[in-house]
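Descriptive structure summary
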Amino acid sequence: MAFAPGGIVFAGSSSIRYWDTLVTDMAPLRVLGQGFGGSKLSQLVTWTDRLIISHQPRAVVIYSGETDLAGLLGSRRKTAEDLVPLFAQICERVHTAIPASRIYWVSIKKPPARREIWPEIDRANDLLARFCAGDPRLGVIDVLTPMCDARGEPRLDLYGADGIHLNESGYAVWTAVIRPRLLAETPEP
């Protein structure tokens, strides 16, 4: 069955790709997962038309940037400052095609296996939150705070054995944070 216009597209990296229960977790919202493993924000820019705009969503939820900051597969590590113009390009392209579409940036999590990039993750989350504050069509969904303990350390019980990808409990936290926000701000028409 084709995805009808007016739904919500979740786009980004493997954290979206591996969210096997996304459709049921977000019900009654109509959602489509458009994540691909190992993806970088620059790749999402390239694929914005196909993965997002072609579905004519009323809202877009983006989780990306972690791979960029980690510098995987021989690529140069990007900085927090590098992510903002990439996200801005996606927003501009979506808003040019679908001006009323709401776009949400999901804060970058702090995977236990990537401790060396946590300071850059904090900077990226801060810069992207400031960018989103400048446009009422943009929003930030903070998944990082509920994924950390009282000391600000990531909760290990939310990650799989690799210390990077979420497990069922991690996705339950994301659902508890993201679903109510979307229901309140982008309900089904």
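These numbers come from a predicted model, not from an experiment.

Rules of the game
- Residues numbered from 1 in each chain as written.
- Predicted model: local features only at pLDDT ≥ 70, side-chain atom pairs only at ≥ 80, totals over all residues.
- Heavy atoms only, no water.
- Helix = DSSP H or I, 4+ residues; strand = E, 2+ residues; numbered from the N terminus.
- Expected span 1.5 Å × (residues − 1).
- Buried < 20%, exposed > 50% of the residue type's maximum accessible area, 1.4 Å probe, protein only.
- Polar contact = N/O pair within 3.5 Å; in protein donor to acceptor, adjacent residues only side chain to side chain.
- Contact = heavy atoms within 4.5 Å.
- Salt bridge = Lys/Arg side-chain N within 4 Å of Asp/Glu carboxyl O.
- Phe/Tyr/Trp six-rings, centres within 6.5 Å; stacked < 30°, edge-to-face > 60°.
- Core = buried A, V, L, I, M, F, W, Y, C linked by side-chain atoms within 4.5 Å.
- Pairing = 2+ DSSP bridges.
- Axes fitted to C-alpha atoms, helices over the stretch in contact; angles between N-to-C directions.
- Arc of directions from axis to C-beta.

Here's the deal with helix α6 (residues 80-97)
The terminal C-alpha atoms of α6, which comprises 18 residues, lie 27 Å apart, in line with the 26 Å expected from a rise of 1.5 Å per residue. Of the residues making up α6, those classed as buried are Ala80, Leu83, Val84, Leu86, Phe87, Ile90, Cys91, Val94 and His95.

Digging into the side chain of Gln34
Within the fold, Gln34 resides in strand β2 (residues 31-35). Given a relative accessible area of 16%, Gln34 falls into the buried group. One polar contact links Gln34 to His55, side chain to side chain, over a distance of 3.2 Å. Among all residues touching Gln34, those that are not within four sequence positions of it are Val9, Phe10, Ala11, Gly12, Ile16, Arg50, Leu51 and His55.

Quick notes on the pattern of salt bridges
Any two side chains of opposite charge can pair, on the condition that their charged atoms come close. For the structure shown, the criterion picks out 17 salt bridges. The salt bridge involving Glu185 is made with Arg102; its shortest N-O contact spans 3.0 Å. Taken together, the residues span a long stretch of sequence, with Glu185 in helix α8 (residues 168-185) and Arg102 in strand β4 (residues 102-106) at a distance of 83 residues. Classification of Arg102 as buried rests on a relative accessible area of 16%. If you follow the salt bridges from partner to partner, you end up with Arg30, Arg58 and Glu188 in one network.

Focus on the packing of aromatic side chains
In this structure the tally under the stated criterion is seven aromatic pairs. For the pair Phe87 and Trp105, a centre-to-centre distance of 4.9 Å together with 70° between the ring planes defines the contact as edge-to-face. Here Phe87, found in helix α6, pairs with Trp105, found in strand β4; they are 18 residues apart in sequence, far enough to count as distant. Across the pair, exposure class does not vary: Phe87 and Trp105 are buried alike. Within the aromatic cluster, the residues linked to one another by ring pairs are Phe10, Trp19, Tyr63, Tyr171 and Trp174.

Notes on the nonpolar core
Counting residues in each nonpolar core, the largest one holds 56 residues, and the members touching the most others are Phe10, Trp19, Met26, Phe87, Trp174, Ile178 and Leu182. With eight residues, the single largest contributor to this core is α6.

With respect to the sheet that holds β2
In space, the five strands of this open sheet follow the order β2-β1-β3-β4-β5, with parallel pairing throughout. Lying at the two open borders of the sheet, with one neighbouring strand each, are β2 and β5 (138-141). With strand direction ignored, the average angle separating the axes of adjacent strands in the sheet is 20°. Bridging between β4 and β5 involves four bridges; their strand directions are parallel. Counterpart to Trp105 in the pairing with β5 is Val140. Most of the contacts of helix α7 (residues 118-133) go to β5, to which it runs at about 145°, and overall it touches β4 and β5.

With respect to α7
For α7, with 16 residues, the first-to-last C-alpha span of 23 Å sits near the 22 Å given by 1.5 Å per residue. Those residues of α7 that fall on the buried side of the exposure criterion are Trp118, Glu120, Ile121, Ala124, Asn125, Leu128 and Cys132. The arc enclosing the buried residues of α7, seen along the axis, measures out at 145°, which places them on a common side. Residues of α7 that are exposed and angled more than 90 degrees away from the buried face: Pro119, Arg130 and Ala133. Residues of α7 that are buried make contact with α5 (66-70), α6, β4 and β5.

Everything listed is a geometric property; what it means functionally is a separate question.
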